[in-house]
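So you can see what is in the structure, the chains are spelled out below.
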Amino acid sequence: MIDNFSIALTHGLLLIAAWRLIHRSDLDVEDPPERDKEPEGFLIQSSAKGSSPDA
């Protein structure tokens, strides 16, 4: 009987914790990343050539 109670209690507490985490409004809000002042990597190479990447 005590085993069933302890399993039910711990699973119930985990369920309450998960429920509270799912319904937090601040978890759905994220600031967009800042844009780079000068692009780096393959974006510079393809735009500097002026041709398509397939050519």
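Residues numbered from 1 in each chain as written. Predicted model: local features only at pLDDT ≥ 70, side-chain atom pairs only at ≥ 80, totals over all residues. Heavy atoms only, no water.

Now for the overall build of the protein. Helix and strand counts for the protein come out as 2 helices and 0 strands. Here the protein, with 55 residues, has 0% of them falling under the buried criterion. Just so you have it, the protein exposes about 6000 Å², and 60% of that area is on carbon and sulfur atoms. (Helix = DSSP H or I, 4+ residues; strand = E, 2+ residues; numbered from the N terminus. Buried < 20%, exposed > 50% of the residue type's maximum accessible area, 1.4 Å probe, protein only. Areas by Shrake-Rupley, 256 points an atom, 1.4 Å probe, with all protein chains shown as cover.)

Moving on to helix 1 (residues 2-22). With 21 residues, helix 1 ought to run about 30 Å at 1.5 Å a step, and its terminal C-alpha atoms sit 30 Å apart, in line with that. Of all the 21 residues making up helix 1, 0 are buried; the element is thus mostly uncovered. (Expected span 1.5 Å × (residues − 1).)

Taken together, the side chains of F5, L9, L13 and I16 define a hydrophobic patch exposed on the protein surface, amounting to about 420 Å² of accessible area. Here I16 lies in helix 1. (Patch = residues over 30% accessible without salt bridge, like charges linked within 9 Å, V, L, I, M, F, W, Y side chains within 5 Å. Salt bridge = Lys/Arg side-chain N within 4 Å of Asp/Glu carboxyl O.)

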